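Chains, contacts and geometry: an overview
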Amino acid sequence: MTDPNTTPNDPAAGQPTPPPGYQAPPPGYQAPPPGYQAPPPGSGYQQQPGYQQAAPQAPLSPADDKQWAFLAQLGGILGFLPPLIIWLIFKDRGPLTNQEGKESLNFQISVAIAVVALYILGTILSVVLIGFLFYFLAWAVQIVGVVFAIIAGVKVNAGGTYRYPFTFRFIK
């Protein structure tokens, strides 16, 4: 019994012939995964299969904005990493968090640069036996940084804003 869709001279005997108008896929073509839905024609959007576009985040309420601004300022007690993380996550969602996060981050970066410079200077000058004084100065700068972070956190929590003295504005 022979298949009516095959020709007797077909090298792939037993294979059905394609329907009229069929075009074979180009070499190297990979079929889309099951469940893939193509974007509507003319949309110009080319989404990779299996990926979804992230939804925009909702703005923070005034209370949440104040809370995250407070945490960005108070996070400076631990260094520049907490204000950096808070600012990167919430900068587009709350104006107060954006402002206070940048302020705290700028101050903590300035403190970190000053401390590292004092430690380097102290190490270099330890040859002359006065370098250890720069280590005490570096600790004093760190303590002042913690004190200013607490003052800023209290001011922001009370509903105000805070601008640190002696701060380089790295992030505008």
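Not measured: the values here are computed from a predicted model.

This brings us to the overall build of the chain. When helices and strands are counted, the chain shows four helices and zero strands. Across the chain, helices and strands are ordered from the amino to the carboxyl terminus as α-α-α-α. The buried share of the chain, reckoned over its 172 residues, is 22%. For the chain, the accessible surface area stands at approximately 12400 Å², while carbon and sulfur atoms represent 66% of it.

Phe107, Val111, Val115, Leu118, Phe134, Ala138, Ala149, Ala152, Tyr162 and Tyr164 form the largest nonpolar core, which has ten residues in total. Where this core is concerned, the elements lending two or more residues are helix H3 (95-125) and helix H4 (132-157). Once residues lying within four places of it in the same chain are set aside, the contact partners of Val111 are Val141 and Gly145.

Both the distance between ring centres and the angle between the ring planes are used here to describe each pair of aromatic rings. If you walk through the whole model with that rule in mind, you get seven aromatic pairs. With 6.1 Å between their ring centres and 50° between their planes, Phe168 and Phe170 make a pair best called tilted. Its end group placed over the ring of Trp87, Lys91 keeps NZ or CZ at 4.7 Å from the ring centre.

Structurally, Ser110 is set in helix H3. Apart from the residues within four sequence positions on either side, Ser110 is in contact with Thr167, Phe168 and Phe170.

Bringing unusual backbone geometry into the picture now. Notably, Phe166 is not glycine yet its phi reads approximately 55°, a positive angle. Its place among the elements puts Phe166 in the segment after H4. Under the relative-accessibility criterion, Phe166 is labelled exposed at 80%.

Tracing the chain through its elements places Pro83 in helix H2 (residues 81-90). In sequence terms Pro83 and Gln73 are ten residues apart; their C-alpha atoms lie 6.8 Å from each other. Beyond its immediate sequence surroundings of up to four residues, Pro83 is in contact with Ala72, Gly75, Gly76, Gly101, Ser104, Leu105 and Gln108.

Let's shift gears to the side chain of Asn106. Here Asn106 is to be found in helix H3. Ignoring any residue separated from it by four or fewer positions in sequence, one finds Asn106 in contact with Thr167, Phe168, Arg169, Phe170 and Ile171.

What follows deals with the UniProt feature "transmembrane region" (unreviewed entry) in the chain. In the numbering used here, UniProt assigns the feature "transmembrane region" (unreviewed entry) to residues 68-90, 111-137 and 143-162. For residues 143-162, helix accounts for 75% and strand for 0%, while the C-alpha atoms at its two ends are 18 Å apart.

Bringing the pattern of salt bridges into the picture now. Enumeration according to the criterion identifies two salt bridges in this entry. One salt bridge in this structure joins Glu103 and Arg163, with 3.6 Å as the shortest N-O distance. Pair noted here: Glu103 is in helix H3 and Arg163 is in the segment after H4, with a separation of 60 residues, a long-range link. Overall, the relative accessible area of 6% leaves Glu103 in the buried class. What makes Arg163 exposed here is its relative accessible area of 58%. Within this structure, Glu103, Arg163 and Arg169 form a network of salt bridges that share partners.

Bringing the packing of H3 against H4 into the picture now. In a pair of packed helices, the angle between the axes and the distance between the axes together describe the arrangement. At their nearest, the axes of H3 and H4 sit 8 Å apart, and the two run at 170° to each other. Looking at the two axes, H3 sits roughly antiparallel to H4. Between H3 and H4, the contacting residues are Glu100, Phe107, Gln108, Val111, Ala114, Val115, Leu118, Tyr119, Leu121, Gly122, Thr123 and Leu125 on the first element and Phe134, Tyr135, Leu137, Ala138, Trp139, Val141, Gln142, Gly145, Phe148, Ala149 and Val156 on the second. Grouping the amino acids of the contact of H3 with H4 by side-chain chemistry returns 17 nonpolar, five polar and one charged.

The rules we used
The residue numbers shown here count from 1 along each chain, following its written sequence. Only residues with pLDDT of at least 70 are given local features in this predicted model, and only at 80 or more are side-chain atom pairs given and counted; all residues enter the totals for whole chains, interfaces and linings. Excluding hydrogens and water, the side-chain values take into account all heavy atoms of the structure. In this text, helices come from DSSP runs of H or I with a minimum length of four residues, and strands from runs of E with a minimum of two, each type numbered from the N-terminal end. For every residue, the accessible area obtained with a 1.4 Å probe (protein chains only) is divided by the maximum for its type, and the residue is called buried under 20%, exposed over 50%, and partly exposed between those limits. Each accessible area value is a Shrake-Rupley result obtained with a 1.4 Å probe; residue values ignore everything except the protein chains displayed when judging cover. We call a set of buried residues a nonpolar core when its members are Ala, Val, Leu, Ile, Met, Phe, Trp, Tyr or Cys and they connect through side-chain atoms within 4.5 Å of each other. Residue contacts follow a heavy-atom distance rule, with two residues in contact if any of their heavy atoms lie within 4.5 Å. In summary, the pairing rule links any two rings of Phe, Tyr or Trp, Trp by its six-membered ring, whose centres are within 6.5 Å, and it sorts them by plane angle into stacked for under 30 degrees, edge-to-face for over 60 and tilted for everything else. Consider the ring centre and the ring normal. A charge sits over the ring if Lys NZ or Arg CZ is within 6 Å of that centre and within 35 degrees of that normal. UniProt positions are given in the numbering used here, feature names are shortened, and annotations may be inferred rather than shown by experiment. Note on definitions: salt bridges are taken to be side-chain nitrogens of Lys or Arg within 4 Å of carboxyl oxygens of Asp or Glu. Whenever a helix is involved, its axis is fitted only over the stretch in contact; in every case the axis is a line through C-alpha atoms, and angles between N-to-C directions fall within 0 to 180 degrees. These descriptions rest on fixed angle ranges, namely under 35 degrees for roughly parallel, over 145 for roughly antiparallel, 65 to 115 for roughly perpendicular, and the rest for oblique. Side-chain classes follow a simple rule in which Ala, Val, Leu, Ile, Met, Phe, Trp, Tyr, Cys and Pro form the nonpolar group, Asp, Glu, Lys and Arg form the charged group, and the remainder, Gly included, forms the polar group.

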